Amino acid sequence: MADRVPGFNTLAIHAGAQPDPATGARATPIYQTTSFVFDDVDHAASLFGLQAFGNIYTRIGNPTCAVLEERVAALEGGTAALAVASGHAAEFLAFHALLQPGDEFIASKKLYGGSINQFNHSYKSFGWNVVWADPDDLSTFERALTPKTKAIFVESIANPGGVIVDIAAISAIAKRANIPLIVDNTMATPYLWRPFEHGADIVIHSATKFLGGHGNSIAGLIVDGGTFNWVGDERYPMLSKPRPEYGGMVLGETFGNFAFAIATRVLGLRDLGPALSPFNAFLILNGIETLPLRMQRVSDSTLTVAKHLASHPAVAWVSYPGLEGDRYYSLARRYCPKGAGAVFTFGLKGGYEAGVNLVSKLQLFSHLANIGDTRSLVIHPASTTHRQLSDEQKVAAGAGPDVVRLSIGLEDPADLIADLDQALSA
Amino acid sequence: MSDQCNKTGFATRAVHAGAAPDPATGARTTPIYLTNGFVFDDPEEAADIFALRKIGFSYSRGSNPTTAALERRVTDLEGGTMSVAIGSGQAALLVILLTLMESGDEYVAASRLFGGSLGLMRRLEQRHGLKVHFADPTDPASIAAAVTEKTKAIVVESIVNPCGSVVDLQAISAIARRHKVPLIVDNTLASPYLIRPFEHGADIVFHSTSKFLGGHGQVIGGIIVDGGSFDWAGDERYPLISAPWGDYEGIVLAEAFPKNAFAVASRLYGLRDLGPGISPATAFLTLTGIETLPLRMARHCANAKAVAQHLAAHPAVAEVSYPSIEGHPGKALADRYSPEGAGSVFTVALKGGDTAATRFIAELKLFSHIANIGETRSLAIHPATTTHRNMPPQERAKAGVGGNVVRLSIGLEDAADIIADLDQALAAAS
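Everything numeric here is computed off the predicted structure, so don't read it as measured data.

**Overview of the interface of chain A and chain B**
Interfaces are often sized by the amount of accessible area the parts lose when they come together.
Alright, step 1. Contacts between the two partners involve 30 residues from chain A and, on the opposite side, 35 residues from chain B.
Alright, step 2. Elements that contribute at least two residues to the side of chain A that touches chain B include exactly α1 (8-14), α12 (278-289), α13 (291-310) and α17 (413-424) of chain A.
Alright, step 3. Its residues assigned to classes, the side of chain A that touches chain B comprises nine nonpolar, twelve polar and nine charged.

Take a look at the structure:
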């Protein structure tokens with residue numbers, strides 16, 4: 001058994017978990033505690049000094065959250081992970097460990113609107129400067145590189161839906177520039193796509209979405225791929241310089257291939273604070289147990305629904321990489337052969353008004369700002385998630401006025417098609 | 001949504017039935033209403049709710065909005081008329097029996113049941129005079145022979161714990177109808193995804209929601225589902241349902257709630273008087289688990305078939321009870337009621353006897369040695385010394401839970417990993 005590499009379904013249920021040694025409880029306990037007792041003063045000191053691993057305080061770490069971290073690290077094929085309060089917090093702490101004031105990073109413009117806003121506005125307060133690039137034209141990434149560029153950020157299956165990013169090609173650019181590649185793998189999940197296998201160095205999740213799966217808990221994860229060499233690299237002082245908070249320890253040296261995960265915890269989470277509730281971690285873990293079943297089902301259902309819409313008279317175009325003839329079809333076959341995910345966009349011949357009208361007439365689909373739920377969801381990004389962008393930015397982000405985005409859930413596809421048909425009928 | 005529910009597919013209803021966005025806030029998931037009490041509009045409303053003149057929430061032991069969403073969902077999926085969620089499957093069975101019967105009454109029950117059900121029935125007979133006549137559920141003729149004019153109910157499991165036998169519900173319900181007694185079916189090991197007992201003539205269904213419905217082995221709960229099919233009106237054998245309640249202004253439940261009389265009776269007597277309420281937090285987690293019920297049950301069955309097939313051909317194995325495999329005498333009946341498979345709980349008898357069985361369990365690494373069934377993880381236990389220890393030894397062997405028997409509950413892990421773990425443990429035990 002020790003020699004065997006467990007399959008993905010097995011890892012989804014078991015990785016990171018064990019029966020509770022104190023009681024034998026099989027399911028992971030919800031350690032809804034703020035603090036943990038120390039054995040003695042020396043034990044406490046060694047924990048605070050990072051000489052030993054253990055539980056101190058739930059803002060820094062928690063045993064329920066730890067199971068979630070190990071589970072997702074195992075599923076992604078990473079070395080370690082950090083669970084945080086949200087996907088936004090995950091992005092924030094990842095960049096916090098990498099960037100100093102005045103630094104730049106390159107980001108794909110095909111992103112979740114919330115990420116675009118965070119990069120364009122909030123990061124200005126820290127002096128972090130985003131330079132936008134187009135994942136459909138890799139030369140824009142090359143041209144965006146400057147001596148100040150410290151990272152590249154892309155999504156794997158990308159917002160607002162139906163975009164596949166060529167991770168391996170962008171990873172090659174990142175490696176040539178000797179900077180880490182960060183991939184937001186929220187829309188794919190490790191069931192469909194494991195970015196570390198294609199050269200990513202750091203993976204981010206909004207676990208709120210497909211990992212948790214049931215739309216009940218906000219959470220985020222940073223996963224360390226253990227591939228980037230931080231040692232001696234002065235561009236990343238959080239990892240390469242002696243840290244005054246920890247008696248001059250150099251995290252990159254002490255923690256080797258999981259140093260990045262450690263840095264985001266002991267420097268980022270500890271000081272900036274977006275801790276994940278143990279109860280949320282418990283619920284996300286629950287969802288992950290059925291991740292393989294859910295992702296396969298929603299991908300299959302989405303293909304069925306997308307095909308139906310592609311031949312519907314009211315529909316101008318459908319953007320879903322699972323459809324043959326889609327511009328990203330061959331990239332999808334290469335990177336996520338099991339399925340192209342559950343989120344896609346389509347355009348209505350009737351434009352903006354038709355989009356708004358459709359959203360209001362759908363009954364089975366829920367109109368709300370989320371994706372990756374057991375329930376099918378619909379949104380008109382131009383008037384909601386991407387509302388704060390300029391018209392130009394909206395179109396650039398694939399969220400033009402006629403665009404409707406669907407996130408397909410676990411319902412019978414026949415029921416989803418029936419609902420779309422009735423809502424599309426005049 | 002609720003009107004559309006009956007017309008939509010099972011998977012759709014597993015996600016949506018019984019729930020809707022919260023009208024107060026728009027919250028998409030069902031809120032967890034961890035509250036003991038609910039304010040009344042005025043004293044008249046309070047009095048009306050307590051007197052059953054109005055339906056409303058008063059106290060979470062009796063009813064709660066989160067719990068009500070779970071009740072509506074299970075009602076929908078089972079095709080019943082109303083459900084009552086309760087603290088455990090054990091409490092569900094207790095409340096069903098006590099709502100229908102008093103001391104001195106008699107009923108017929110399957111001789112092959114979950115050990116806890118058997119234990120409860122024996123204890124109720126010893127201490128409270130509820131006389132049980134056991135009959136083999138896999139032989140409808142023996143059930144027919146056990147029924148007399150004093151019989152007040154028949155109780156069976158749809159898929160039997162622990163062997164996985166599928167019983168002939170239609171044949172048994174015909175017997176119940178002939179004698180005008182309600183048929184009660186414990187549908188825990190099937191779930192409504194595989195078998196819907198009301199479609200085969202059952203009158204009352206119950207579950208341990210702790211198992212496949214909840215699905216993740218984390219929360220204990222039960223549910224009683226009224227099929228709305230039994231004619232209680234004027235039937236003096238069931239006074240709680242057909243006779244006036246003195247403390248409720250003489251209400252006759254069969255008349256006041258013609259489609260849901262049994263559910264109302266079991267809520268009033270079982271929850272208001274006896275008390276085993278369910279936590280709304282448990283109801284929330286159970287509701288969440290049900291959203292993936294179709295996916296999970298399909299995989300449980302596919303895994304169980306592969307594992308059972310593999311074990312049936314294993315040299316260390318004397319017998320595999322799972323009926324849905326080629327060559328098993330129970331396959332035709334199992335396929336008739338549950339073509340995808342007879343769930344994922346079954347027993348394995350080892351050639352090496354008691355010692356092999358206990359050693360085998362100790363050697364399992366992926367499987368958890370645990371007293372549970374019907375969750376994402378694969379589980380194993382030795383029934384003779386645990387779940388069925390209260391059975392007299394000679395009956396144990398007859399019931400297929402002798403000392404050389406291990407009960408398996410197959411989970412959702414990769415079948416190859418499950419089989420690898422079983423193989424290495426069998427090798428170590430022989």
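Once the structure has been displayed, the description carries forward.
**Some points on unusual backbone geometry**
Residue and element names in this part refer to chain B.
Alright, step 1. In the segment running from Asn161 into Pro162, the intervening peptide bond is cis, with an omega of 10 degrees.
Alright, step 2. As for its placement among the helices and strands, Pro162 is situated in the loop between β4 (151-157) and α8 (169-178).
Alright, step 3. Of note, the phi angle at Ser191 is positive, near 70 degrees, even though the residue is not glycine.
Alright, step 4. For Ser191, a count of 29 C-beta atoms within 10 Å corresponds to the buried category.
Alright, step 5. One non-glycine residue, Glu249, lies in positive phi territory at about 55 degrees.
Alright, step 6. Along the chain, Glu249 turns up in the loop between α10 (239-242) and α11 (253-256).
Alright, step 7. Residue class for Glu249 comes out exposed when judged on the 10 C-beta atoms lying within 10 Å of it.

**Some details on the sheet that holds β4 of chain B**
All names here are of chain B.
Alright, step 1. Pairing in this open sheet of seven strands is mixed, and the strands run β1-β7-β6-β5-β4-β2-β3 from one edge to the other. Only two strands of the sheet have a single partner each, and these edge strands are β1 (82-86) and β3 (131-135). Geometrically, the sheet is characterised by an average inter-axis angle of 20 degrees between neighbouring strands, direction not taken into account.
Alright, step 2. Where strand β2 (residues 106-110) and β3 come together, five bridges link them in parallel fashion. Across the sheet, the residue bridging to Glu106 is Lys131, located in β3.

**Regarding the domain arrangement of chain A**
Residue and element names in this part refer to chain A.
Alright, step 1. Entries for chain A in the domain assignment read domain 1 (8-287) and domain 2 (291-424).
Alright, step 2. For domain 1 versus domain 2, the distance between C-alpha centres works out to 28 Å.
Alright, step 3. Counting from both sides, the interface comprises 30 residues of domain 1 and, opposite them, 37 residues of domain 2.
Alright, step 4. Elements that contribute at least two residues to the side of domain 1 that touches domain 2 include exactly α1, α5 (113-120), β6 (163-164) and α8 (189-192).
Alright, step 5. Residues of the side of domain 1 that touches domain 2, tallied by class, amount to 15 nonpolar, eleven polar and four charged.

Reading guide: rules and limits
- Residues numbered from 1 in each chain as written.
- Chains lettered and ligands numbered in written order.
- Predicted model: local features only at pLDDT ≥ 70, side-chain atom pairs only at ≥ 80, totals over all residues.
- Contact = placed C-beta atoms within 7 Å.
- Helix = DSSP H or I, 4+ residues; strand = E, 2+ residues; numbered from the N terminus.
- Nonpolar A, V, L, I, M, F, W, Y, C, P; charged D, E, K, R; others polar.
- Buried ≥ 20, exposed ≤ 12 C-beta atoms within 10 Å, placed from the backbone.
- Pairing = 2+ DSSP bridges.
- Axes fitted to C-alpha atoms, helices over the stretch in contact; angles between N-to-C directions.
- Domains from an automatic or database assignment.

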